[in-house]
Amino acid sequence: MKTIEVDEELYRFIASQTLHIGESASDILRRILKLDAGQPVQITPPANDPEPVVKAPTAPRPRDSVRVIRELLLSDEYAEKKKSVERFMLILSTLYSLNSESFSKTTEAMHGRTRTYFAGDEHTLLANGKQTKPRHIPGTPFWVITNTNTDRKRSMIEHVMQDMQFPANLIEKVCGTI
């Protein structure tokens, strides 16, 4: 396995193409490029084209995002999460993968009376209290405090999903599973 660096825009595009939690970047790229797993990649230079034409990605339609969240709620991975904090983290990770820009804007401004809920690093959250129990949100550059009651976790998810313009009935369903 090799590591490559990609710019933020390309990373967001690849992440937005995720069909299920845990899908690797290699799997996503193979699917986009229509390559079978294990199939050797053959590179052929373009005939007379100096550069290949790359189409700009289109943002996922809201219906697609709704479908992804509904599929998450029905997934075995979600059902296996027994603790509310585990479901909370999985939902946050999924919301980020659907629209990282909107997620980032929403979480930047979200805080309580004395606590910051989301930050780019653990130290920022610890500065607001040693008992915040910050955890890294998988697949994101964000950390979130987890030493809150379940109602606060639901409220945080509700706020993020509202700002991301999910339908009220889906938000209620998601919050009810935490």
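In what follows, the accompanying structure is described.

Parameters and conventions
- Residues numbered from 1 in each chain as written.
- Predicted model: local features only at pLDDT ≥ 70, side-chain atom pairs only at ≥ 80, totals over all residues.
- Heavy atoms only, no water.
- Core = buried A, V, L, I, M, F, W, Y, C linked by side-chain atoms within 4.5 Å.
- Buried < 20%, exposed > 50% of the residue type's maximum accessible area, 1.4 Å probe, protein only.
- Helix = DSSP H or I, 4+ residues; strand = E, 2+ residues; numbered from the N terminus.
- Contact = heavy atoms within 4.5 Å.
- Axes fitted to C-alpha atoms, helices over the stretch in contact; angles between N-to-C directions.
- Parallel < 35°, antiparallel > 145°, perpendicular 65-115°, else oblique.
- Left-handed = near helix turned anticlockwise from the far one by under 90°.
- Nonpolar A, V, L, I, M, F, W, Y, C, P; charged D, E, K, R; others polar.
- Pairing = 2+ DSSP bridges.
- Patch = residues over 30% accessible without salt bridge, like charges linked within 9 Å, V, L, I, M, F, W, Y side chains within 5 Å.
- Areas by Shrake-Rupley, 256 points an atom, 1.4 Å probe, with all protein chains shown as cover.
- Salt bridge = Lys/Arg side-chain N within 4 Å of Asp/Glu carboxyl O.

## Some thoughts on the nonpolar core
Within soluble globular proteins, side chains that are nonpolar tend to cluster in buried spots. Core analysis: the biggest nonpolar cluster contains 36 residues, and Leu95, Phe103, Phe118, Ile157, Met161 and Phe166 have the highest contact counts within it. Among the elements of the structure, helix 3 (62-74), helix 5 (84-98), strand 1 (118-119), strand 3 (143-145), helix 8 (150-163) and helix 9 (168-177) are those that each provide at least two residues to this core. For this core, the element with the highest residue contribution is helix 5, accounting for nine residues. Those residues in contact with Phe118 that lie beyond four places of it in its chain are Leu92, Phe103, Thr107, Met110, Leu125, Ile137, Trp143, Val144 and Met156.

## Overview of the packing of helix 8 against helix 9
Contact geometry for helix 8 and helix 9: axes closest at 9 Å, N-to-C directions at 155°. Between helix 8 and helix 9, the interaxial angle falls into the category roughly antiparallel. When you trace helix 8 past helix 9, the crossing you get is right-handed. Only Leu170, Ile171, Val174 and Cys175 of helix 9 make contact with helix 8, whose side of the interface consists of Arg154, Ile157, Glu158, Met161 and Gln162. Partitioning the contact of helix 8 with helix 9 into residue classes produces six nonpolar, one polar and two charged.

## Notes on unusual backbone geometry
The phi torsion at Lys133 lies on the positive side, around 50°, for a residue other than glycine. Within the element layout of this structure, Lys133 appears in the loop between helix 7 (122-126) and strand 2 (134-136). Here Lys133 falls in the exposed class, since its relative accessible area comes to 52%. We note that Gln165 has phi near 65°; this positive angle belongs to a residue other than glycine. Tracing the chain through its elements places Gln165 in the loop between helix 8 and helix 9.

## Section: the environment of Asn99
By the element assignment, Asn99 lies in the loop between helix 5 and helix 6 (100-108). Asn99 gets classed as partly exposed once you look at its relative accessible area, which sits at 35%. The spacing of Asn99 and Met164 is 65 residues in sequence and 7.9 Å in space, taken between C-alpha atoms.

## Quick notes on the sheet that holds strand 1
Strand order across the open sheet formed by three strands is 1-3-2, with antiparallel pairing between neighbours. The open sheet has two edge strands, strand 1 and strand 2, and neither has a second partner. Pairing between strand 2 and strand 3: three bridges, direction antiparallel. Bridge assignment links His136 to a residue of strand 3, and that residue is Trp143. Along the sheet, helix 5 makes contact with strand 1, strand 2 and strand 3, crossing strand 3 at roughly 145°.

## Some words on a nonpolar patch on the surface
Residues Ile4, Val6, Leu10 and Tyr11 make up a contiguous nonpolar surface patch of roughly 360 Å² in combined accessible area. Structurally, Val6 is set in the segment before helix 1 (8-16). Among the residues examined, Val6 registers a relative accessible area of 34% and is labelled partly exposed.

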